[in-house]
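What follows is each chain in one-letter form.
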Amino acid sequence: MQPGPIGVFDSGYGGLTILSQIRRHLPEYDFLYLGDNARTPYGTRSFEVVYEFTSQAVRALFDMGCQLVILACNTASAKALRTIQQIDLPKIDPRKRVLGIIRPTVEYLDELTVTRHVGILATSGTIKSQSYPLEIKKLFPDITVSGEACPIWVPLVENGEAHSEGADYFIRRHIDNLLAKDDKIDTIILGCTHYPILYDKIRQYTPSHVNVITQGEYVGKSLINYLERHPEMDTLCTKNATCRFLTTESVDIFRQYASIFFDDTIQVQSLSLK
């Protein structure tokens, strides 16, 4: 196997917030980001369609030399990761790896919650999938989990309204709804990769004693730990501090939206998935 960049896949643009944090933790590594922007959003699609699209993206990144791929998408992590790991990888190449972003976030909860009551703010698709409660129960059966779907938050971010006064109503409303479900919540997971863009406003309307955690920080820490525990995979990750971008949309549209999520120069190419 030839060493290559770490692949990072998202159905849209939010995964750029994950990539940004991973690069902060692992600045010397090479990364190849693929956004299936032409077919986003994934959240409203069936498990079968999300799996099909995600599998196409993973195979494309493998074909371009990635030996390790991160699904920087909550929907793909919830609906496609397990099948890809258990069914696809043994057929493609059992030495390759695909990792998600839900478990790495959940793994740190034991250190963060005192009351053992946790809230999830996420898209409707992620909340309906029950992916966070299921993963949390596997690791920490004593933690009580409540979720709140925030369907308007992604459009707020993508339409450049994240810092507008109009966003305040919707952010406050969903935080209030979540805390009304369980007043013992002391930790809230932002279970959508778009939501870090709204962090300041979310923090503004969340009580000061409640932790608000974004995924990127914990995915970055988890990836460092993973590569330390799997040196055989680390040797298959090139380290020239480069970062390239691919999109299934037009290059100009990708650059326009990517600037909301990623504060760096972007070299992007268009790619067709099938």
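Structure: see above.
These numbers come from a predicted model, not from an experiment.

A. Structural context of the pairing of strand β1 (residues 6-10). For β1, the tally of buried residues reaches five of five residues, placing the bulk of the element in the interior. Both faces of β1 are covered, namely the face carrying I6, V8 and D10 and the face carrying G7 and F9. Where β1 lies against strand β2 (residues 31-35), five bridges are found, and the strand directions are parallel. The partner of D10 across the bridge, within β2, is G35. One ladder, built from four bridges, connects β1 with strand β3 (residues 68-71); its direction is parallel. Bridging across to β3, F9 finds its partner in L71.

B. Molecular detail of unusual backbone geometry. Omega for the peptide link from T40 to P41 comes to 5 degrees, which places this bond in the cis form. Structurally, P41 can be placed in the loop between β2 and α2 (47-63). One non-glycine residue, Q130, adopts positive backbone phi at about 60 degrees. For Q130, the location among the structural elements is in the loop between α7 (124-129) and α8 (131-139). A positive phi is found at A241, a non-glycine position, where the angle reads about 60 degrees. Positionally, A241 belongs in the loop between α13 (231-234) and β9 (243-247). By relative accessible area, A241 is classed as partly exposed at 47%.

C. How the structure looks around the pairing of strand β5 (residues 117-122). The buried count for β5 comes to six of six residues, which makes it a mostly enclosed element. Judged by which residues are buried, β5 turns out to be covered on both faces: H117, G119 and L121 on one side and V118, I120 and A122 on the other are all buried. In this structure, β5 lies alongside strand β7 (residues 187-190), joined through four bridges in parallel fashion. Each bridged residue has a counterpart across the sheet, and for V118 the counterpart in β7 is T187.

D. Highlighting the packing of aromatic side chains. Evaluation of the coordinates by the stated rule reveals 12 aromatic pairs. Ring geometry for Y42 against F53: centres 5.7 Å apart, planes inclined by 50 degrees, an arrangement best described as tilted. Of this pair, Y42 sits in the loop between β2 and α2 while F53 sits in helix α2, and the two are 11 residues apart along the sequence. The exposure classification of Y42 matches that of F53, with both residues buried. Relative to F262, the ring of F245 lies with its centre 5.3 Å away and its plane at 70 degrees, an arrangement referred to as edge-to-face. With F245 in strand β9 and F262 in the loop between α14 (251-261) and β10 (268-270), the pair connects residues that are 17 residues apart, well separated along the chain. In this structure an aromatic cluster arises from ring pairing among Y13, Y33, F245, F254, Y257, F261 and F262. Sitting over the ring of F53, R39 keeps its end group 3.6 Å from the ring centre.

E. The arrangement of the packing of helix α1 (residues 15-25) against helix α12 (residues 215-229) in detail. Running from N to C, α1 and α12 cross one another at 45 degrees; their axes reach a closest spacing of 8 Å. Between α1 and α12, the crossing angle belongs to the class labelled oblique. Considering the relative orientation of α1 and α12, their crossing is right-handed. Contacts between α1 and α12 involve I18, Q21, I22, R24 and H25 on the former and, on the latter, Q215, G216, E217, V219, G220, K221, L223 and I224. Of the residues that constitute the contact of α1 with α12, the class distribution is five nonpolar, five polar and three charged.

F. Summary view of the layout of surface pockets. Empty space within the largest pocket amounts to approximately 640 Å³. If you go around the largest pocket, you meet 29 residues; those closest to its centre are L81, G100, R103, P104 and E135. Taken together, the elements giving at least two residues each to the lining of the largest pocket come down to α3 (74-79), α4 (81-92), α5 (102-106), α8 and α12. Looking at the lining of the largest pocket element by element, the count peaks at six residues for α12. Split by residue class, the lining of the largest pocket holds 14 nonpolar, eight polar and seven charged.

G. Examining the nonpolar core more closely. By size, the foremost hydrophobic cluster in this structure holds 53 residues, and its most contacted members are L16, L68, W153, Y195 and F245. For this core, the element with the highest residue contribution is helix α10 (residues 165-181), accounting for five residues. Dropping the residues within four chain positions of it, W153 is found in contact with L121, F170, I171, H174, I175, Y195, L198 and I202. Judged by nonpolar contacts, the second largest core, of 23 residues, contains L61, A76, A80 and L273.

Scoring rules and cut-offs
- Residues numbered from 1 in each chain as written.
- Predicted model: local features only at pLDDT ≥ 70, side-chain atom pairs only at ≥ 80, totals over all residues.
- Heavy atoms only, no water.
- Buried < 20%, exposed > 50% of the residue type's maximum accessible area, 1.4 Å probe, protein only.
- Helix = DSSP H or I, 4+ residues; strand = E, 2+ residues; numbered from the N terminus.
- Pairing = 2+ DSSP bridges.
- Phe/Tyr/Trp six-rings, centres within 6.5 Å; stacked < 30°, edge-to-face > 60°.
- Lys NZ or Arg CZ within 6 Å of the ring centre and 35° of its normal.
- Axes fitted to C-alpha atoms, helices over the stretch in contact; angles between N-to-C directions.
- Parallel < 35°, antiparallel > 145°, perpendicular 65-115°, else oblique.
- Left-handed = near helix turned anticlockwise from the far one by under 90°.
- Contact = heavy atoms within 4.5 Å.
- Nonpolar A, V, L, I, M, F, W, Y, C, P; charged D, E, K, R; others polar.
- 1 Å grid on protein atoms, 1.4 Å probe; cavity = no way out; pocket = protein on both sides within 12 Å on 5 of 7 lines; lining within 4 Å.
- Points joined across faces, edges and corners; volume = space filled by probe spheres on them.
- Core = buried A, V, L, I, M, F, W, Y, C linked by side-chain atoms within 4.5 Å.

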